[in-house]
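Chains, contacts and geometry: an overview
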Amino acid sequence: MKIKSCRICGSEKLYPFLSLGSMPPPNGFLLKKDLGKTEKVYPLSVCLCESCFLVQLKDVIPAKIMFNNYLYIPSTSTTMLGHFKNFADEIVRDFNLKKGDLVVDIGSNDGTLLTFFKEQELNILGVDPASNLAQVAKLKGINTINDFFTLGVSKIIKKIYGSAQVITATNVVPHINDLHDFALGVKNLLSTDGILVIEFPYLVDLLEKNSFDTIYHEHLSYFSLKPLFKLFRSHGMKIFDIKKQNVHGGSLRLFITKSSIYKIKNSANEFLAFEKLKSIDNLKTYLNFADRVLVFKKNLINFLEKLKKRKKRIVGYGAAAKGNVLLNFCKIGSETIDYIVDSIPFKQGRFTPGTHIPIYPEGRLEKDRSDYALLLAWNFADEILKKQKKYRQKGGKFIVTTPQLKII
Ligand code: DWN
């Protein structure tokens with residue numbers, strides 16, 4: 001499906017500034033038996049709304065295709081486990097949640113974040129469309145509604161569980177096509193002085209780190225603050241605090257409410273001024289970004305070709321969604337990458353979408369000792385480089401692509 005107007009302001013002035021070609025959904029990992037079948041590909045091009053400056057995709061793959069059986073879980077990363085624990089502790093502390101308060105996590109995945117809220121004896125509820133992950137969460141004792149969060153679902157939740165003191169939504173708002181329905185659902189479900197806390201990769205970091213590989217079909221929007229202020233204001237809610245986070249290449253955590261008890265903190269104006277400084281509302285910023293992406297693509301292909309000419313063996317590290325974008329956009333396949341190692345059990349034994357590179361458990365890296373490992377999950381460089389100390393001590397080298405191409 002193609003949208004004709006901006007998801008937030010409705011303007012039809014959507015300016016496409018970068019096309020990454022057509023490719024399969026980024027988490028569409030294949031079983032061996034499916035390798036011979038034709039793989040559906042979808043256009044991947046990103047636009048700027050010239051009225052509210054929301055960066056977004058026009059092409060929408062039906063959410064059911066992408067999220068009903070979802071292979072990504074955050075809980076194999078110690079970085080993310082620590083991040084979600086701190087997140088839950090901070091919310092409980094700063095908003096003095098009481099026993100029995102309802103916390104709803106939208107896009108609750110395998111229940112990782114809610115597990116940390118559960119420890120504080122709060123009433124918790126997950127909402128996630130992935131039936132395989134809802135199963136995993138329920139086995140962990142995390143009550144989960146296996147569906148997409150909508151205004152309609154918010155009414156059912158409110159009827160059964162009451163209003164929510166806290167609603168969290170981490171790395172899920174960019175995935176939502178109907179942002180106004182989402183805002184209405186949140187407003188309906190929040191208690192009078194309840195808060196919504198959303199977290200998402202920050203557009204300014206994407207532009208500054210040239211992380212074009214985080215542009216993919218699951219991420220329909222790439223947020224800066226201006227369009228989000230507009231979205232929530234149009235539903236009588238306000239962003240009252242903003243905190244920068246390091247995860248996923250640089251993220252923002254926004255605190256939103258419909259209540260007047262929370263005063264808007266300085267952080268709101270500071271970030272708006274910061275975005276002005278970064279010319280977020282200037283088309284040239286995006287055209288320059290697109291130029292840098294094309295230069296990066298050429299450099300990476302040349303660099304890998306040189307290694308292959310010197311008969312070097314290269315594997316991939318991290319079968320990340322973003323890694324599939326990089327491989328498909330740069331047309332890097334099994335002629336260059338022998339295999340990819342990954343910590344997520346759902347992905348092991350499958351093949352990457354479009355490029356059909358086999359995925360194995362991480363242990364294979366040390367056994368095989370390839371010359372190079374292309375770090376596709378560059379946002380976890382610290383954690384992975386530490387984990388693979390032995391591989392590196394025996395001469396293994398990591399190729400890191402972001403924020404710039406280098407060998408470690
Ligand atoms: O928004 C999204 C982000 C949050 O997560 C989703 N749409 C999909 C997903 O994107 P991604 O797959 O690019 O996310 P990650 O978390 O950067 O993927 C990292 C990959 O690397 C995972 O498949 C796990 C793997 N990994 C590993 O093999 N060893 C990760 C770590 C930390 C490790 O030590």
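Report on the accompanying structure. (Residues numbered from 1 in each chain as written. Predicted model: local features only at pLDDT ≥ 70, side-chain atom pairs only at ≥ 80, totals over all residues. Heavy atoms only, no water.)

Of regular secondary structure, the protein chain possesses 14 helices and 17 strands. Dimensions of the protein chain along its principal axes, counting C-alpha atoms only, are 65 × 50 × 40 Å. The buried share of the protein chain, reckoned over its 408 residues, is 56%. Counting only contacts in the protein chain whose residues sit at least 6 apart along the sequence, the fraction spanning at least 24 positions is 70%. Total accessible area on the protein chain stands at roughly 17,200 Å², and carbon and sulfur atoms take up 54% of it. Here the protein chain contributes 60 positively and 38 negatively charged side chains, and the mean placements of these two sets differ by 3 Å. (Helix = DSSP H or I, 4+ residues; strand = E, 2+ residues; numbered from the N terminus. Buried < 20%, exposed > 50% of the residue type's maximum accessible area, 1.4 Å probe, protein only. Contact = heavy atoms within 4.5 Å. Areas by Shrake-Rupley, 256 points an atom, 1.4 Å probe, with all protein chains shown as cover. Lys, Arg positive; Asp, Glu negative; His and termini not counted. Charge placed at Lys NZ, Arg CZ, Asp CG, Glu CD.)

Strands sit in the order S14-S13-S12-S15-S16-S17 across an open sheet of six strands; the sheet is mixed. Each edge of the open sheet is held by one strand with a lone partner, namely strand S14 (359-360) and strand S17 (406-407). Of the pairings in the sheet, the one linking strand S15 (residues 372-375) to strand S16 (residues 397-400) comprises four bridges and is parallel in character. Its bridge partner lying in S16, Tyr372 is registered against Lys397. (Pairing = 2+ DSSP bridges.)

Our focus in this paragraph is the pattern of salt bridges. In this structure the tally under the stated criterion is 20 salt bridges. The residue Asp94 makes a salt bridge to Lys243 at a minimum N-O spacing of 3.8 Å. Of the two residues, Asp94 sits in helix H2 (residues 78-94) while Lys243 sits in strand S10 (residues 238-245), which places them 149 residues apart along the sequence. For Asp94, a relative accessible area of 37% puts it in the partly exposed group. Given a relative accessible area of 27%, Lys243 falls into the partly exposed group. Linking Asp101 and Lys98 is a salt bridge whose minimum nitrogen-to-oxygen distance equals 3.8 Å. Classification of Asp101 as buried rests on a relative accessible area of 12%. In the salt-bridge network here, residues are joined through shared partners; they are Glu90, Arg93, Asp94, Glu199, Lys243 and Arg253. (Salt bridge = Lys/Arg side-chain N within 4 Å of Asp/Glu carboxyl O.)

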